[in-house]
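# Coordinate analysis (summary)
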Amino acid sequence: MKRILLLALTAFSLASCSTNNDTHTHTYSSKLSFDSTYHWHNASCDHKNEVKDKAEHDFNELNECKVCGYVKGVPEEITKITDNMYSITLRDDYFETYLNNGGGSSDMDILRFAVENISNDPIFQKMIPQKQPGACSSFVFKNTDGEFCHARNLDFDPSYNSLMIHNVPKTGYESISFSSYFCLNLKGDFSPAEHAEAFKVFEFLPMDGINSAGLALNMNDIYNSNSHVQQNTNKADLTTTVLNRLLLNKAGSVEEAISLIQSYDIHDSDTRSNGYHIMISDRTGDACVIEFYNSELQIIRKQKDQDIFAMTNTELNSHFPEEDYKNDKRYKAIMSKFNEYGGALDKEKGIEVLKSAKLSSTLHSIIYNLERQTVYFCRYQNWDKMNFYGLKQKQINY
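Nothing here was measured: the structure is a model prediction, and the numbers come from that model. (Residues numbered from 1 in each chain as written. Predicted model: local features only at pLDDT ≥ 70, side-chain atom pairs only at ≥ 80, totals over all residues. Heavy atoms only, no water.)

## Examining the environment of Glu352
As a reminder of what qualifies: Comment: elements are numbered from the N terminus, with helices defined as DSSP H or I runs of at least four residues and strands as E runs of at least two. In this scheme, a residue with accessible area under 20% of its type's maximum is buried, one over 50% is exposed, and one in between is partly exposed, where area comes from a 1.4 Å probe on protein chains only. In what follows, residue pairs with any heavy atoms lying within 4.5 Å of each other are defined as contacts.
Note that Glu352 resides in helix 8 (residues 347-356). A relative accessible area of 30% means that Glu352 is categorised as partly exposed. Separated by 18 residues in the primary sequence, Glu352 and Ile334 place their C-alpha atoms 9.4 Å from one another. Apart from the residues lying within four places of it in its own chain, the contact partners of Glu352 are Lys337 and Tyr341.

If you want it as structure tokens, here you go:
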């Protein structure tokens, strides 16, 4: 009993402050806390306002601090990130107005709303949603630092430009998401700088993204007619791409996302010639895949002991044999590469796993870090020129 008491007292003294003739020695966290300007060590003793080693960030060529790992935010101004990819920052609340007006059951409803409420730019005459097939692969994993990540290949026609959308709504979570001109069949190298108001319509059309709560998502096509969705239960209407925006703006967890989905009537987006499913994950490691079977919601949950949770373009719900998706060529490639690394992935190895599942049409490849809310990506397989951004307003304390 005395030995147990002695061990307990020893443990307590190591975890608390020591005193010697009224001289106090602070203890500090081994991890660096950070905001958009500085990093520092927080006190781990009772004096929580104490910090040490506070210094400004020292950034490398990838916008990442070489000391603490903080990543710069997306540029506020419209920027050409790389060939055929622009970034835009939006601070309006048009999406909230769209929801308050009852939403819409087609992408043409979005365009009508944009013309009536955002801009009458003639470029809208070139934006005509059309059904086109896609592919895509995605998976959720825990990295070598113990942080959950969400990885995704978007496989589509690379002749269309891409958009990185930094959204800071007055109502909802800040987010970074990606869209493409193919969502509205907009051919050509049109600059958002020349059509700034009209391009706000792409806020409604994210294909994947992450928000400041640490929730990420992406949508993939499914090649089965039973996976189409047209719900009609007298709820407000949303298309699948607009559903993505709803979740990025308002869901802080997988559970909140599922609850929101159940609150609306969901409809196929006009840009999808096939059905679709959505992978959703959060910073706790919870994840699920949302599918529809004859318009009925299907929820496939990640198991707590799963080291990797992956999907390509085959249904995961119980109406289909499990071997169907497990025998998919790209699914098998993902699992094989993951196992080759022994399940130990950093962001660079995460990209290597995505490369193992690439197609000739892979438009962008992304690793979302759910803990740090960062985005590590390249456009059109330009693996030697990765880009790295984070949510600028984020501060993390340890």
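## Quick word on the pairing of strand 12 (residues 208-211)
Regular strands place side chains that alternate from one sheet face to the opposite one. How we decide: In this description, strands pair whenever DSSP reports at least two bridges between them.
Here strand 12 shows a buried face lined by Asp208 and Ile210 and a second buried face lined by Gly209 and Asn211. Both strand 11 (residues 175-180) and strand 12 contribute to a ladder of four bridges, which runs antiparallel. Counted as the bridge partner of Ser175 is Asn211 from strand 12. Sheet topology places strand 12 next to strand 13 (residues 216-222); three bridges connect them, and they run antiparallel. Looking across to strand 13, one finds that Ile210 is bridged to Ala216. Here strand 12 folds back onto strand 13 in antiparallel fashion, the turn holding four residues, of which Gly214 has a positive phi close to 85 degrees.

## Remarks on the pattern of salt bridges
Note the threshold: Any Lys or Arg side-chain nitrogen located within 4 Å of an Asp or Glu carboxyl oxygen qualifies as a salt bridge.
Under the criterion given, the structure shown has 19 salt bridges. Salt-bridge contacts for Arg301 lead to Asp286; the nearest nitrogen and oxygen are separated by 3.1 Å. Pair noted here: Arg301 is in strand 18 (residues 296-301) and Asp286 is in the loop between strand 16 (275-281) and strand 17 (287-293), with a separation of 15 residues, a long-range link. The salt bridge involving Glu348 is made with Lys347; its shortest N-O contact spans 3.2 Å. Classification of Glu348 as partly exposed rests on a relative accessible area of 35%. Here the salt bridges do not stand alone but share partners, grouping Glu64, Lys347 and Glu348 into one network.

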